[in-house]
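# Examination of the molecular architecture
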Amino acid sequence: MSTNLRISLTILSAGFAVEGGGEVYSLLTAGSFLPGASLLFLLPALVTLLGLLFLLVGRHEWDELHRARVHRANIIFGLSLLAGVIAAVDVTVLVAYPTMGVPLWAEVVFGAAVGAFLLGTFATYAQLVFHLVTPPSKVALVAATLWALVVSTFIAHALAADLPDLLGTIGAHSFSLDYLISPVDYLASFLCLSYFLLLGAYVDAHITVARRRTAWLGKTKGPAALG
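Each chain has its residues counted from 1, running along the sequence as written. Since the coordinates come from a predicted model, pLDDT governs what is reported: local features require at least 70, and pairs of side-chain atoms require 80 or more to be given and counted, while whole-chain, interface and lining totals use all residues. The side-chain values count all of the structure's non-hydrogen atoms but skip hydrogen atoms and water molecules.

### Some remarks on the overall build of the chain
Every helix listed is a DSSP run of H or I at least four residues long, and every strand listed is a run of E at least two residues long, numbered separately from the N terminus. Regarding its fold elements, the chain presents nine helices and zero strands. Helices and strands in the chain line up, N terminus first, as α-α-α-α-α-α-α-α-α. The burial tally for the chain puts 41% of its 227 residues in the buried class. Within the chain, contacts between residues separated by at least 24 positions form 83% of all contacts whose residues are at least 6 apart in sequence. Accessibility throughout is a Shrake-Rupley quantity obtained with a 1.4 Å probe, and a residue counts as covered only by protein chains that appear here. For the chain, the exposed surface amounts to about 11400 Å²; the carbon and sulfur share of it is 74%. Buried means the residue's accessible area, taken with a 1.4 Å probe over protein chains only, is under 20% of the maximum for its type, while exposed means over 50%, and partly exposed covers the values in between. Contacts between residues were defined by any pair of non-hydrogen atoms, one from each residue, lying within 4.5 Å.

This is the structure we're talking about:
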């Protein structure tokens, strides 16, 4: 198994630990806003990009099954990013044409796009390692994705309802991400369950990769030892 695969698993696991810990703090403090929360909001996408980068660097060492999994994960994550772009375009259009007001379709598009962006990252994580883990970890990956779907739905609904306030904040020339995160910070804290489920599954994937590497090294050294 590729060294880059193990590096990617390490990067993503560290990201889950950081995000999960941050969300637990938010949950225990009833949505208390963390310093640097804007960075924490973007961290999942940044960590995913970095993890996929290391996978792509080591793609010459993939087997066919892993190649197919990573290809699908790239598609899912690409669609997730596209959803984020759609949300941004929706807001940009409403800011550029204030006479439009905030029609219902714009709220629906914005909420759905944000929800798809959040859910897409979790679906990407599950897709990447589903073939590397044991059955209990497969269940954990499915549970993490389903729970992320539930939380993302609530976040999408809340942000769609807050779209007029968001536009008002932008109209006041405030471009910090805090105005976007604050209304849903407490809701997002429930994603800690998904992050910790993912962390457990990725630790299992680490073990699987290490065992395969040990087995491969044993095979390569065997003939030499006999010689």
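### Description of the packing of helix H4 (residues 104-129) against helix H6 (residues 163-171)
Between H4 and H6, the least distance of the axes is 10 Å, while the angle of their chain directions is 90 degrees. Taken together, H4 and H6 sit at an angle that is classed as roughly perpendicular. Where H4 approaches H6, its residues Ala106, Glu107 and Phe110 are matched on the opposing element by Leu163, Pro164 and Leu166. Any residue that is not Ala, Val, Leu, Ile, Met, Phe, Trp, Tyr, Cys, Pro, Asp, Glu, Lys or Arg is counted as polar, Gly included; the first ten are nonpolar and the last four charged. When its residues are assigned to classes, the contact of H4 with H6 shows five nonpolar, no polar and one charged. Helix axes use the C-alpha atoms of the stretch in contact, all axes being lines fitted to C-alpha atoms, and the angles between their N-to-C directions lie in the range 0 to 180 degrees. Should an angle fall under 35 degrees it is taken as roughly parallel, and over 145 as roughly antiparallel, whereas 65 to 115 is taken as roughly perpendicular and any remaining angle as oblique.

### Side note on the side chain of glutamine 127
Note that glutamine 127 resides in helix H4. For glutamine 127, a relative accessible area of 13% puts it in the buried group. In contact with glutamine 127, other than residues within four places in its own chain, are Arg69, Arg72, Ala73 and Ile76.

### Digging into the nonpolar core
Definition used in this section: a nonpolar core is a set of buried Ala, Val, Leu, Ile, Met, Phe, Trp, Tyr and Cys residues joined via side-chain atoms within 4.5 Å. Judged by nonpolar contacts, the single largest core of 49 residues is most densely connected at Phe110, Leu128, Val129, Leu163 and Tyr202. Counting only elements with at least two residues in this core, the list comes to helix H1 (3-28), helix H2 (37-57), helix H3 (64-96), H4, helix H5 (135-161), H6 and helix H9 (192-226). Sort the elements by how many residues they give to this core and H4 lands first, with eleven residues. When residues no more than four places from it in sequence are discounted, the contact partners of leucine 128 are Leu12, Leu52, Leu55, His66, Val70, Ala73 and Tyr202.

### What about the packing of aromatic side chains?
Aromatic pairs are defined between Phe, Tyr and Trp rings, using the six-membered ring for Trp, whenever the two ring centres lie within 6.5 Å; interplanar angles under 30 degrees are classed as stacked, those over 60 as edge-to-face, and all others as tilted. Counted according to the given criterion, the structure contains six aromatic pairs. With 6.5 Å between their ring centres and 35 degrees between their planes, phenylalanine 16 and tyrosine 195 make a pair best called tilted. One end of the pair, phenylalanine 16, is in helix H1; the other, tyrosine 195, is in helix H9, and 179 residues separate them in sequence. With a centroid separation of 5.3 Å and an interplanar angle of 80 degrees, the aromatic rings of tyrosine 186 and phenylalanine 190 are classed as edge-to-face. Residue classification places tyrosine 186 among the partly exposed residues on the basis of a relative accessible area of 40%. For phenylalanine 190, a relative accessible area of 29% gives the class partly exposed. Among the aromatic residues, those joined into a ring-pair cluster are Phe16, Phe122, Tyr125, Tyr195 and Tyr202. Note on criteria: charge over ring means Lys NZ or Arg CZ within 6 Å of the ring centre, with the direction from the centre no more than 35 degrees off the ring normal. Here lysine 138 stacks its cationic end above the ring of phenylalanine 130, 5.3 Å away from the centre of that ring.

### Some details on empty space enclosed by the protein
Grid points spaced at 1 Å and placed over the protein atoms alone form the basis of the search, with a cavity being a set where a 1.4 Å probe fits but cannot get out and a pocket an open set showing protein on both sides within 12 Å along at least five of seven lines. Lining residues have an atom within 4 Å of a point. Grid points are joined across faces, edges and corners, and a volume is the space filled by probe spheres set on the points. Taken as a whole and assessed by the stated rule, the structure comprises two cavities of 30 Å³ or more. Looking at the second largest cavity, its volume works out to about 40 Å³. Every residue lining the second largest cavity is listed: Leu5, Ser8, Leu9, Leu12, Leu55, His66, Leu128, Val129 and Tyr202. Breaking the lining of the second largest cavity down by element, the ones donating at least two residues are H1 and H4. For the lining of the second largest cavity, the element with the most residues is H1, which contributes four residues. Looking at the lining of the second largest cavity, its residues break down into seven nonpolar, two polar and no charged.

### Notes on the packing of H4 against H5
Relative to each other, H4 and H5 sit at 165 degrees, their axes nearing to 8 Å. By the angle class used here, H4 and H5 are roughly antiparallel. The way H4 lies across H5 gives a crossing that is right-handed. For the pair H4 and H5, the contacting residues are Glu107, Phe110, Gly111, Val114, Gly115, Leu118, Leu119, Phe122, Ala123, Ala126 and Val129 in the first and Leu141, Thr145, Ala148, Leu149, Ser152, Ile155, Ala156, Leu159 and Ala160 in the second. Of the residues in the contact of H4 with H5, the class split is 15 nonpolar, four polar and one charged. Helix crossings fall into two classes, left-handed where the near helix is turned counterclockwise from the far one by less than a right angle and right-handed where it is turned clockwise.

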